[in-house]
Amino acid sequence: MSSRFSQADTALLIDENSKYPEQVWYTLAAFLFVVGCFQWGLFLHSKFARRGHHGSDEETAITHGVHQKFSLRQIPLAVINFYRVVAFRWTIEIGRSYTLNMAEFVVTVAYIVLLLIYAFINTTSVEGQKLDIIYWSNRVSMLASSQLPLVTALGTKNNPVSLVTGISYDRLNYIHRMMARTCFMLLWVHGAGQIVSNPSYFIESLRGTLNEDWLRAGIIAMVAFSILIIVSLRPVRTAAYEVFFYIHFLGVGIFLLGGYYHTKGAYGSYWIWPSFVFWAFDRFVRVVRLVVFNHSYFGFKSGTGTMDATTELLSEDVVRLRLCRPPHFHWSPGQTAYLIMPTVSTLPFEAHPFTIASFDSSLLSTASAEDQSSGEILGSSAPFWKELVFLINVQGGFTKKLKEVATKKETVKVFVDGPYGPSPDLGSYDTSVLVAGGSGVSYTLPVFLNIIERVRKGKSSCTRVVFIWSIRRAEHVQWIEEALIKAVQLAPPSLTVSIRIFITASSSTTQSNLSREDNSTISSLTEKKGSPEHVVIKRNSLSLAFLSLHGVRMETGRPNIDALLKEEVSVTSGRMSVSGKC
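I will try to describe carefully the structure that is included in this document. (Residues numbered from 1 in each chain as written. Predicted model: local features only at pLDDT ≥ 70, side-chain atom pairs only at ≥ 80, totals over all residues. Heavy atoms only, no water.)

A cluster of nonpolar residues, Phe-105, Val-106, Val-109, Val-113, Ile-117 and Ile-121, forms a patch on the protein surface that exposes about 440 Å² of accessible area. For Val-109, a relative accessible area of 39% puts it in the partly exposed group. (Patch = residues over 30% accessible without salt bridge, like charges linked within 9 Å, V, L, I, M, F, W, Y side chains within 5 Å. Areas by Shrake-Rupley, 256 points an atom, 1.4 Å probe, with all protein chains shown as cover. Salt bridge = Lys/Arg side-chain N within 4 Å of Asp/Glu carboxyl O. Buried < 20%, exposed > 50% of the residue type's maximum accessible area, 1.4 Å probe, protein only.)

Here it is in C-alpha cells:
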C-alpha cells in the first residue's frame, strides 16, 4: 500500500512520466537505426557481390586433395552468414506448436526488460517508501501509451519502420503482436495498481455507475483491447480469420479512441494521437494505390471491367484466379497482393493477401531466334507470363465462398492492392534451392523463372537451381507444367536446372485411381531409398515433353528435405541459398 502522496511526489511523478517514455523512444530509435544500417548494408552487399578471385591476400587450403581458394575478404561474409544462421535458423520451441527464432526471442526479451526497468526504477516516494505503487502503476500506463504509435505503425502495410530498416511489413508483424501484448500486460498492471492503491475510490465509482467520462473511456478501451488480444491468438486467428479481421478493425478504433479520452486529463493523449496519423496515412496510400492500379473501374480509362478475373477449381482445395495483367502494374517474384472481391466477401472492403504466382517479365517475347527456330519451345505459358495468377488454398470463410464460385467457373470483379513484401535477391548465390508444397509453388515458381532470366541476362552468378515441389497427385503438375517446360528450354547452358516432383499420395492409390480413369498410362522411372520405383500417371495428365526434359525427376513419397539439402551441399562449390513456402 502506498504512503500518503504529497505535492512533491506528484511533481516528481509527472516529471518522470514525461521523461522516461521519451528515453525509451530514444533507445528504440537508436536500435532501429542500427538495424536499418545493417539491413541496408546487407542489401547493398548482395546487390554488388560478385564472384571473383583475389590475389595478394589469398591462401590456398587443400581439402581431400582438391585446391580451394580462401580469401581474407570472405571473413566479413562468413560473419554475416554465421549471424544469419544463429539469428534466424536457431529456434526455441514454446509449447508444442509455437516456435521463435533467436532474433525474435532476443528482441522480445530485451523489449520487455527495457519497459520493466523504466517502470520500476526510481519508484521510491519522498517519504522513503520503496516501489511505491502509485509511482509504478501510473508510470506503466504512460510507458504503454507511448508505445501505441509504434504498435499501430507496425500493424500497417505502409509504415516508416519498413522504410528505415528495409524489413517488409509481414516480417515485422511478429514485433507488432509482441509489442501489443506487452502493452496489454502493462495496462492491466496499471488498472490493478489503481484499484489496489485506492480501493475506496473504485468502490464509490462503481456505486455511482462510473459517472466520470475518463474512467468509462478507460474501461471501454481495456475491454476492447482484451477481446482484441484473445481473438489475435494464433489458434483463434487461424480457425476464424474473418472474425479476427472484423474484431481487429473495430477493436483497434474503440481502444485508441477510449485510450485517448482516458489519458487526456493526465496529459498523456499526445502519445496516442500519432496512432491515428499512421493508420490514416496507410489507408490513404492504399486507397491511392487502389485507384491507380484499378483505374478502369473509376472511369479514368476506357474498357471498364478489364480487371475481372476468371476462376478455376484445380483440385478440391486449390482455386486458380486469373486476370489480365494491367500494363501499369508491376511486381517482383515472391511478392503478395491484397485482393478485394465485393461479390464474394462478407464485407465489400475485405482485403485478403495472396502470393502472385505469375512472373512479371518479357522473357517469353524476348526469347532468342535460335530458341524460337529450334521448335522445342512448347506451350504459350500465357497465364504465368502475361497475366496476374493466384493459386489460392481453400480453407474456410472467404476461400470457401470463392471455391463455390470457381465450381461454376464464374468471373468475379477484383480490386488489386499491392504489391507488398520483399523479393529474394539470389543473384550472388552459386546454387539456389527452392522448396514448396502444394499452392506454396506460388512463391517458388516466379523466383525460379526470375533466376533463369537473370542468368540469361548475365545478372546472376547462379550455376545450379533446384526446384523441389511436393504435391498430392501427379496430375497437379499440370498447374504449372507449361511454365516449367518453358523455363527449362530457356535456361542457358551455364545453368544446371533440376526439377524434382514428389507425389505424396500412396503409390497404390495413385496407380489404381489413374488406371481406373484411363488405361493408357506412361511410367516415369524414379528412385526411392536406393531402389527403382515407378510413378504411374495418365498419358493425358502430363505431356511427354515435360517428362522427357533433362533434369526432371518424379518421385513418390514425402521429400526428405534434410537429405536433399545435404546432397546439394555435397555438390556445391560456392554459396547456396534455400528458399521455400508450404
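Before going further, it helps to examine the packing of aromatic side chains. As enumerated under the stated definition, the model contains 17 aromatic pairs in all. Centre to centre, the rings of Phe-225 and Phe-255 are 4.2 Å apart; their planes meet at 35°, and the pair counts as tilted. Highlighted residues: Phe-225 in helix H8 (residues 213-231) and Phe-255 in helix H10 (residues 241-264), separated in sequence by 30 residues. The class for Phe-225 is buried, based on a relative accessible area of 4%. With 5.7 Å between their ring centres and 40° between their planes, Phe-329 and Trp-331 make a pair best called tilted. Taking relative accessible area as the criterion, Phe-329 reaches 1% and is therefore assigned buried. Classification of Trp-331 as buried rests on a relative accessible area of 6%. Through successive ring pairs, a cluster of aromatic residues spans Phe-184, Trp-188, Phe-225 and Phe-255. (Phe/Tyr/Trp six-rings, centres within 6.5 Å; stacked < 30°, edge-to-face > 60°. Helix = DSSP H or I, 4+ residues; strand = E, 2+ residues; numbered from the N terminus.)

Before going further, it helps to examine the sheet that holds strand S11 (residues 415-420). In space, the three strands of this open sheet follow the order S8-S7-S11, with antiparallel pairing throughout. Edge strands, defined here as strands with exactly one partner in the open sheet, are strand S8 (352-355) and S11. On average, each strand axis in the sheet is inclined to that of its neighbour by 30°, with strand direction left out of account. For strand S7 (residues 336-340) and S8, the ladder comprises four bridges, and the chain directions are antiparallel. The residue of S8 that forms the bridge with Thr-336 is Thr-355. (Pairing = 2+ DSSP bridges. Axes fitted to C-alpha atoms, helices over the stretch in contact; angles between N-to-C directions.)

Once that is clear, we can look at unusual backbone geometry. Going from Gly-418 to Pro-419, the amide bond is cis rather than trans, its omega being 0°. Relative to the assigned elements, Pro-419 resides in strand S11. Notably, Leu-131 is not glycine yet its phi reads approximately 50°, a positive angle. Tracing the backbone shows Leu-131 in the loop between helix H3 (102-120) and helix H4 (133-154). Accessibility expressed as a relative area gives 51% for Leu-131, which makes it exposed. For Lys-409, which is not glycine, the phi torsion reads 55° and is therefore positive. Considering the arrangement of structural elements, one finds Lys-409 in the loop between helix H14 (398-407) and strand S10 (411-413).

In total, this model carries 17 salt bridges according to the counting rule given. The salt bridge involving Glu-568 is made with Arg-464; its shortest N-O contact spans 2.8 Å. Of this pair, Glu-568 sits in helix H19 (residues 561-571) while Arg-464 sits in strand S13 (residues 464-471), placing them 104 residues apart in sequence. A salt bridge links Glu-555 to Arg-500; the nearest nitrogen and oxygen atoms lie 2.9 Å apart. Linking Glu-555 in strand S17 (residues 552-556) with Arg-500 in strand S14 (residues 496-503), this pair joins segments that are 55 residues apart in sequence. What you see here is one network of salt bridges that share partners, running through Glu-312, Arg-320, Arg-322 and Glu-387.

Let us look at H10. The α-helix winds at 3.6 residues per turn, so residues separated by three or four positions along the chain end up facing the same way. Taking 1.5 Å of rise per residue, the 24 residues of H10 would be expected to cover 34 Å, and the 34 Å separating its terminal C-alpha atoms lies within 8% of that figure. For H10, every residue scored as buried is listed here: Glu-242, Phe-244, Gly-251, Phe-255, Leu-256, Gly-258, Gly-259 and Thr-263. (Expected span 1.5 Å × (residues − 1).)

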